[in-house]
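This is what each chain is made of:
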Amino acid sequence: MTKEQLREVFTKNGMTMPETKGYDDVFLAAMVKADYFGSSITTENQMCKMITDILGDKDGYDGMLYTRWYADTIAKGIPIIWEDLL
């Protein structure tokens, strides 16, 4: 999902997508869809609210979700082929 596609989901649900400097929003949307959609998150509107809540967390910071993903790959021993990723 691109930022523009995610923005369209927010717009379709009458919401404004939170602004981020990087791609935490896109990563978070992919995580919500993969891990929670169809279970505790059952609508796009709920997904948008969850994304907004997490990105708006006053204890958070820009890049927090990417840092979490990177730490998870290290902990799981998953090699990152940076040339493929970038």
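Worth saying up front: this structure is predicted, and the values here are computed from it rather than measured.

(A) Structural detail: the overall build of the protein. Scanning the protein from N- to C-terminus turns up five helices and zero strands. The helix and strand sequence of the protein, counted from the amino end, reads α-α-α-α-α. Projected onto its principal axes, the C-alpha coordinates of the protein cover approximately 40 × 30 × 25 Å. With 86 residues in all, the protein has 26% of them scored as buried.

(B) Layout of the nonpolar core. Within the largest apolar cluster, 14 residues are counted, with the highest numbers of intra-cluster contacts made by L6, F10, V32, M47 and I51. Contributing elements (two or more residues each) for this core: α1 (3-12), α2 (24-35) and α3 (44-55). Those residues in contact with M47 that lie beyond four places of it in its chain are V9, A29, V32, K33, F37 and I41.

(C) Helix α4 (residues 64-76), seen in detail. With 13 residues, α4 should cover 18 Å at 1.5 Å per step; its first-to-last C-alpha distance of 18 Å lies within 8% of that length. Backbone geometry just downstream of α4 places G77 in the positive-phi region, at approximately 70°.

(D) Seen up close, the side chain of D24. In this fold, D24 is placed in helix α2. Look at D24: it is buried, it has no salt bridge, and the nearest opposite charge is K3 at 8.7 Å. Once residues within four sequence positions are removed from consideration, D24 is found in contact with L55, Y61, D62, G63, M64, L65 and Y66.

Calculation criteria
- Residues numbered from 1 in each chain as written.
- Predicted model: local features only at pLDDT ≥ 70, side-chain atom pairs only at ≥ 80, totals over all residues.
- Heavy atoms only, no water.
- Helix = DSSP H or I, 4+ residues; strand = E, 2+ residues; numbered from the N terminus.
- Buried < 20%, exposed > 50% of the residue type's maximum accessible area, 1.4 Å probe, protein only.
- Core = buried A, V, L, I, M, F, W, Y, C linked by side-chain atoms within 4.5 Å.
- Contact = heavy atoms within 4.5 Å.
- Expected span 1.5 Å × (residues − 1).
- Lys, Arg positive; Asp, Glu negative; His and termini not counted.
- Salt bridge = Lys/Arg side-chain N within 4 Å of Asp/Glu carboxyl O.

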